[in-house]
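Listed below are the residues making up each chain.
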2 protein chains.
Amino acid sequence: MTTQPAEPSPRRGRGRPGHDQAAVLRAAVELFNRKGYDATSMGDLAKELGLTKPAIYHHVTSKEQLLGQALDDALDELTAVVTEASRDGAGGTSAYGRLREVLRRSVEVLVAHQSSVTLLLRVRGNSEVELAALERRRWLDDRLAALVTEAIAEGALRDDVPATLVSRLLFGMVNSLVEWYRPDGAYDRAMVADAITAIAFDGLAKHEA
Amino acid sequence: MTTQPAEPSPRRGRGRPGHDQAAVLRAAVELFNRKGYDATSMGDLAKELGLTKPAIYHHVTSKEQLLGQALDDALDELTAVVTEASRDGAGGTSAYGRLREVLRRSVEVLVAHQSSVTLLLRVRGNSEVELAALERRRWLDDRLAALVTEAIAEGALRDDVPATLVSRLLFGMVNSLVEWYRPDGAYDRAMVADAITAIAFDGLAKHEA
């Protein structure tokens, strides 16, 4: 799994930005995903990086700070995608068109930020940082459900499945990528995005013409 | 979240079956899901159950035994569903018919065994027990991909998306249920199974008749 080097989040001032901190963050996220966040100690992380425990505190104040940065990395990207798609009819685009677009772009974010999205999807709300992340996820879910509602109202989508359920299942399908997608595997991101939109909107069954 | 009281697995002889052990297993699975398996100690589990640490060893030999039982609970059910669906044309059913059925029945297993399936989906392979569970999951994935391949060959499914990718996305959509489904929520299991099969096979877009 790879991630983009994390940008230092504009909302967190602690720690020192730059190559070192990005490398520490990347290693921390991999370790949290592999061992579980709660089971990982700063000592484990120091060991992973070949640093002494005091040396690691040169880069970060706490494990929770690293978690917050990783979750922000994932959430900032997803929020940008969903905000753009929620812009009511900007450029004359239908809700249906914007829903297709948000699905594609979500796949891109997942592939480009797979480690931090993986971490985000495992957050259970065991601390302030996790609760804040869940709150931001809920906002995303609400916006996506609203977009599905709009696309149904437009007459573009079938109306026999509740919008909230459609939204959960669609983005559940997208999110499930984090479990198996490998950038060096058989499918590139465009192929996965095509497959998801094909299944979601047109279905798998061959219809009589 | 609720699960059925776990049957003592026929493949594990340790521990004593009966109400006590089932209650211990249930509490352990909830705790593993909430705190993460690696971060949960037998001491935590004893505390959760209001038992002393020695008393808990009256019921189970180790944390890993509990994990193994929970994973078997989920895997035995899923294996039964997939084995049934893989039975080549039994009863004259098409691969397409069996694929629809396995999708529906997977939803039922997920809803009835939500806690143990949740645990299963989080397994990373950090121990022998986890590696064995991953091996069994791989068998399920292979059987499901083979069934999709068969349904494509039959001419019932579109052939422009690779079977393995279809299979991963379909069951990714099903698996994503564990993240949000609540038995006392707005949707019963039949409604969810209907929604998933409608999206997967017919798609969301309204087609011109």
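Fair warning: this is a prediction, and the values are worked out from it, not measured in the lab.

## Observations regarding the interface of chain B and chain A
Consideration 1: Facing 43 residues of chain B, the contacting portion of chain A comprises 43 residues.
Consideration 2: Taken over both partners, the interface formed by chain B and chain A buries close to 3900 Å², and the fraction arising from carbon and sulfur atoms is 65%.
Consideration 3: Among the residues chain B hides against chain A, the three largest losses belong to Arg158(B), Leu169(B) and Leu204(B). Together they make up 19% of the total.
Consideration 4: At the boundary of chain B with chain A, the tally comes to 2 salt bridges.
Consideration 5: Inspection of the chain B/chain A interface yields 16 residue pairs in polar contact (both at pLDDT 80 or more).
Consideration 6: At the level of secondary structure, the elements contributing two or more residues to the side of chain B that touches chain A comprise helix H1 (19–35), helix H6 (114–122), helix H8 (163–175) and helix H9 (189–202) of chain B.
Consideration 7: For the side of chain B that touches chain A, the leading source of residues is H9(B), giving 9 residues.
Consideration 8: Split by residue class, the side of chain B that touches chain A holds 25 nonpolar, 8 polar and 10 charged.

## Observations regarding the packing of helix H8 (residues 163–175) of chain A against helix H9 (residues 189–202) of chain A
A packed helix pair is summarised by two numbers, namely the angle formed by the two axes and the spacing between the axes.
Residues and elements named next belong to chain A.
Consideration 1: With their axes 11 Å apart at the nearest point, H8 and H9 run at an angle of 160° to one another. With respect to each other, H8 and H9 are oriented roughly antiparallel. The chirality of how H8 crosses H9 is right-handed. The residues of H9 that touch H8, namely those facing Leu170, Met173 and Val174, are Ile196, Ile199 and Ala200.
Consideration 2: Looking at the contact of H8 with H9, its residues break down into 6 nonpolar, no polar and no charged.

## Concerning the pattern of salt bridges
Consideration 1: Under the defined criterion, the tally for this structure stands at 20 salt bridges over all chains.
Consideration 2: The residue Arg104(B) makes a salt bridge to Asp194(B) at a minimum N-O spacing of 2.9 Å. Of this pair, Arg104(B) sits in helix H5 (residues 95–112) while Asp194(B) sits in helix H9, and the two are 90 residues apart along the sequence.
Consideration 3: Judged by its relative accessible area of 42%, Asp194(B) falls in the partly exposed class.
Consideration 4: One network of salt bridges, with partners in common, ties together Asp72(A), Asp76(A) and Arg136(A).

## Some points on the relation of the copies chain B and chain A
Consideration 1: Note on the identical chains: chain B maps onto chain A by a rotation of 180° and an axial translation of 0.0 Å, with an RMSD of 0.0 Å. Such a turn and shift between the copies fits a two-fold axis.
Consideration 2: When the interface residues of chain B are mapped onto chain A, 100% of them again fall at the interface, so both copies present the same face.

## Digging into the packing of aromatic side chains
Residues and elements named next belong to chain A.
Consideration 1: Per the stated rule, a full pass over the model turns up 8 aromatic pairs over all chains.
Consideration 2: Each ring, one from Tyr96 and one from Phe201, has its centre 5.4 Å from the other, and the planes form 90°; the classification is edge-to-face. Here Phe201 lies in helix H9 and Tyr96 lies in helix H5 (residues 95–112), a separation of 105 residues in the sequence.
Consideration 3: Its relative accessible area of 19% is what places Tyr96 among the buried residues.

Reading the values: rules and limits
Residues numbered from 1 in each chain as written. Chains lettered and ligands numbered in written order. Predicted model: local features only at pLDDT ≥ 70, side-chain atom pairs only at ≥ 80, totals over all residues. Heavy atoms only, no water. Contact = heavy atoms within 4.5 Å. Buried area = accessible area lost by both parts, 1.4 Å probe. Salt bridge = Lys/Arg side-chain N within 4 Å of Asp/Glu carboxyl O. Polar contact = N/O pair within 3.5 Å; in protein donor to acceptor, adjacent residues only side chain to side chain. Helix = DSSP H or I, 4+ residues; strand = E, 2+ residues; numbered from the N terminus. Nonpolar A, V, L, I, M, F, W, Y, C, P; charged D, E, K, R; others polar. Axes fitted to C-alpha atoms, helices over the stretch in contact; angles between N-to-C directions. Parallel < 35°, antiparallel > 145°, perpendicular 65-115°, else oblique. Left-handed = near helix turned anticlockwise from the far one by under 90°. Buried < 20%, exposed > 50% of the residue type's maximum accessible area, 1.4 Å probe, protein only. Least-squares fit on C-alpha atoms with pLDDT ≥ 70 in both. Phe/Tyr/Trp six-rings, centres within 6.5 Å; stacked < 30°, edge-to-face > 60°.

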